[in-house]
Amino acid sequence: MSQKINVAIVGLGFGAEFIPIYQQHPHANMYAICQRTESKLNEVGDQYGIDVRYTSYDDLLNDPLVDAVHINSPIPNHAEQTLKALRAGKHVACTVPMATSVEDCMEIVKVSKETGKKYMMMETVVYAREFLFVKELYEKGELGKVQFLKASHQQDMEGWPDYWPGLPPMHYATHCVGPVAGLLKLEAEYVSCFGSGTISEDLAKIHNSPFAVESAHIKFKDSDLSAYVYRSLFDVARQYRESFEVYGSKKSFEWPLIEGEDPVIHTAKKAEHEIAERVPTPDYAHLLPTEIQHFTGKGVYDLDDHSHLSFVQGGGHGGSHPHLANEFISALIEDREPFPNAWQSANWTSVGILAHESALQGGALIQLPDFQNV
C-alpha cells in the first residue's frame, strides 16, 4: 500500500479547499493544479508549494504523470472536461452535478466503461457527518425497516455568478437526491415533480423556468420505497438548509429546522413525551487515515473574506471533504468502484434534470434510463 496517486486539481476556487487534504493523504501526491487565470494559479501554487501548474486543461491532460483529475470548474464545463479526461486515460473525481443533460450523463458512463477509468461524483452530503450517523444507525439495525426518505436543499442564490441566476431548482438536486438514494444504495426508477410559485420575470426568462420551488417524488427500482425531495433557489425566505430525513419502523431521524441545532431521533413504542429527543451528531474522523482526520473540522478552511461561499453557507459541508478525497484515492489504490460511481452519479444527477422536465409537464411520470447497462 505504498503506492501514491498523482492528483491534479482543476479549478482553484472551491477546488483549493482540497489541496491540503491531498497533500497530507498517505496515498496521494498533490501533483498539479490548473486554472485559466495565471495570477490565481500562481497565488495558490505559491501558497501550497505546488510546482506543476497549467493554464491549459489540454496541456494538463497531455502530462503522462497525471493519474487522476479532480474537477472543480463551473457546472457547464463538467461533462466536457470529464469526458476529455477519461479519454486521455485519467481517473476523474468531479464536483456536482455530473452534467447538465441526461445524454451527457449517459456518455460519461459509457466512456468510463470503455476506458476502464474510474469516475466519482464528489457529492458532499453522502459523506457529511449527519449522513454517516444515519448510515451507522441503519447498519446497526437501530432504524428497523426503513419506510420513507425525505430531503431538501434550500438556498438563496441571489448574487451568485454566471450560470446560477434563474437556474431551475431541480437542475442542482444531487444534494437532496444523493442521500435518499445513497443510504440503501437504491436506484431511482421514475420521478414526478411539481413546480410551485414563481420567481421574478427577469430570472425566469434566463432558463424559461418560472418555478420558485420544485418538489419531486422518486420511486426506487426493485424496492417498496419512495422518497420526497424539494428545492428552492430564489425568492423563497429560508435559511440555508440541506436536510436529510429517514423514517424507520424502530427509529426515525429528522434534520433540525434551524442551523446549529441538534437533529431529532424519534423512537417507537415509548411514552409519547419520550419519543422525540435531540441527539448531537458525532464526528466520523475515525473512519479516515490519521493524517487527514483533522480536516473534518474547519481548521483547513480559510474562513476570512477568501472563504468560498458554498462552504460558508453550507456549514462546512458536514466535514465531508476529507471523506470524499479518501474514498476517491482509496478506490484507485484498491482498484474498486468509488461511491458514488459513474452509473450511480448519472442516476442521481438525472433525477433532478428529469424532475424539472416533469414539472414543466405538470407532474408527468418520467422514467430514468438504465445507466447500469449502457
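Not measured: the values here are computed from a predicted model.

**Q** How do you make sense of the overall build of the chain when you look at a structure like this?
**A** In terms of regular secondary structure, the chain is built from 11 helices and 15 strands. For 374 residues, the compact-globule estimate of 2.2 N^0.38 gives 21 Å, and the C-alpha radius of gyration of the chain, at 20 Å, lies within 12% of that figure. Its C-alpha atoms put the chain at 60 × 45 × 45 Å along the principal axes. Counting all 374 residues of the chain, 57% fall into the buried class. A total of about 15700 Å² of accessible surface is found on the chain, and carbon and sulfur atoms cover 48% of it. Looking at the chain, you have 30 positive and 50 negative side-chain charges, and the mean spots of the two groups are 6 Å apart.

**Q** Would you explain the sheet that holds strand β13 (residues 264–267) in this entry?
**A** The strands making up a sheet associate through hydrogen bonds between their backbones, and the pairing can be parallel or antiparallel. Read from one edge of the open sheet, 9 strands run β14-β13-β12-β11-β7-β10-β9-β8-β15, paired in mixed fashion. Lying at the two open borders of the sheet, with one neighbouring strand each, are β14 (276–278) and β15 (366–367). By the bridge criterion, 4 bridges tie strand β12 (residues 251–254) to β13 in an arrangement that is antiparallel. Pairing of S252 across the sheet is with H266, part of β13. This element, helix α7 (residues 174–182), spans β7 (146–154), β9 (213–220), β10 (226–232) and β11 (241–248) of the sheet and lies at about 165° to β7.

**Q** Help me understand empty space enclosed by the protein in this model?
**A** Using a probe with the size of a water molecule, rolled over the atoms, empty space left in the structure can be pinpointed. Scanning the model with the defined rule gives 1 cavity of 30 Å³ or more in all. In terms of lining, the largest cavity is formed by A181, G182, K185, L186, F339, W343, Q344 and W348. Within the residue set of the lining of the largest cavity, elements represented by two or more residues are α7 and α11 (342–360). The element contributing the most residues to the lining of the largest cavity is α11, with 3 residues. Here the lining of the largest cavity is built from residues that sort into 5 nonpolar, 2 polar and 1 charged.

**Q** Looking at this structure, I do not really get the packing of aromatic side chains. What am I missing?
**A** Two descriptors summarise a pair of aromatic rings, namely the distance from one centre to the other and the angle between the planes of the rings. Applying the stated criterion across every chain, the model contains 8 aromatic pairs. Relative to F244, the ring of F131 lies with its centre 5.5 Å away and its plane at 40°, an arrangement referred to as tilted. Placement of the pair is F131 in helix α6 (residues 129–139) and F244 in strand β11, with a sequence separation of 113 residues. Each member of the pair F131 and F244 is classed as buried. When the centroid spacing of 5.6 Å and the interplanar angle of 35° are considered together, the rings of Y228 and Y230 count as tilted. Residue class for Y228 comes out partly exposed when judged on its relative accessible area of 24%. Owing to a relative accessible area of 17%, Y230 belongs among the buried residues under this scheme. Taken together, the ring pairs connect W160, W164 and Y172 into an aromatic cluster. A cation over a ring is seen here: K185 above F339, with NZ or CZ 4.5 Å from the ring centre.

**Q** Looking at this model, I keep getting lost on the pattern of salt bridges. Mind explaining?
**A** A side chain with one charge may pair with a side chain of the opposite charge, provided their charged atoms come close. Following the criterion strictly, the structure yields 14 salt bridges and no others. The closest approach of N and O atoms between R53 and D46, which form a salt bridge, is 2.7 Å. Residue R53 is classed as partly exposed on the basis of its relative accessible area, which comes to 25%. For D46, a relative accessible area of 55% translates into the label exposed. Across the salt bridge formed by E139 and K135, the nearest N and O atoms sit 3.1 Å from each other. With E139 and K135 both in helix α6, this residue pair falls 4 residues apart, about one helical turn. On the basis of relative accessibility, which here comes to 55%, the residue E139 falls in the exposed class. Taking the relative accessible area as the measure of exposure, K135 reaches 29% and is therefore partly exposed. One salt-bridge network, in which partners are shared between bridges, spans K150, R241 and E245.

Rules and cut-offs
Residues numbered from 1 in each chain as written. Predicted model: local features only at pLDDT ≥ 70, side-chain atom pairs only at ≥ 80, totals over all residues. Heavy atoms only, no water. Helix = DSSP H or I, 4+ residues; strand = E, 2+ residues; numbered from the N terminus. Rg over C-alpha atoms; globule rule 2.2 N^0.38 Å. Buried < 20%, exposed > 50% of the residue type's maximum accessible area, 1.4 Å probe, protein only. Areas by Shrake-Rupley, 256 points an atom, 1.4 Å probe, with all protein chains shown as cover. Lys, Arg positive; Asp, Glu negative; His and termini not counted. Charge placed at Lys NZ, Arg CZ, Asp CG, Glu CD. Pairing = 2+ DSSP bridges. Contact = heavy atoms within 4.5 Å. Axes fitted to C-alpha atoms, helices over the stretch in contact; angles between N-to-C directions. 1 Å grid on protein atoms, 1.4 Å probe; cavity = no way out; pocket = protein on both sides within 12 Å on 5 of 7 lines; lining within 4 Å. Points joined across faces, edges and corners; volume = space filled by probe spheres on them. Nonpolar A, V, L, I, M, F, W, Y, C, P; charged D, E, K, R; others polar. Phe/Tyr/Trp six-rings, centres within 6.5 Å; stacked < 30°, edge-to-face > 60°. Lys NZ or Arg CZ within 6 Å of the ring centre and 35° of its normal. Salt bridge = Lys/Arg side-chain N within 4 Å of Asp/Glu carboxyl O.

Any link to function would need more than the numbers given here.
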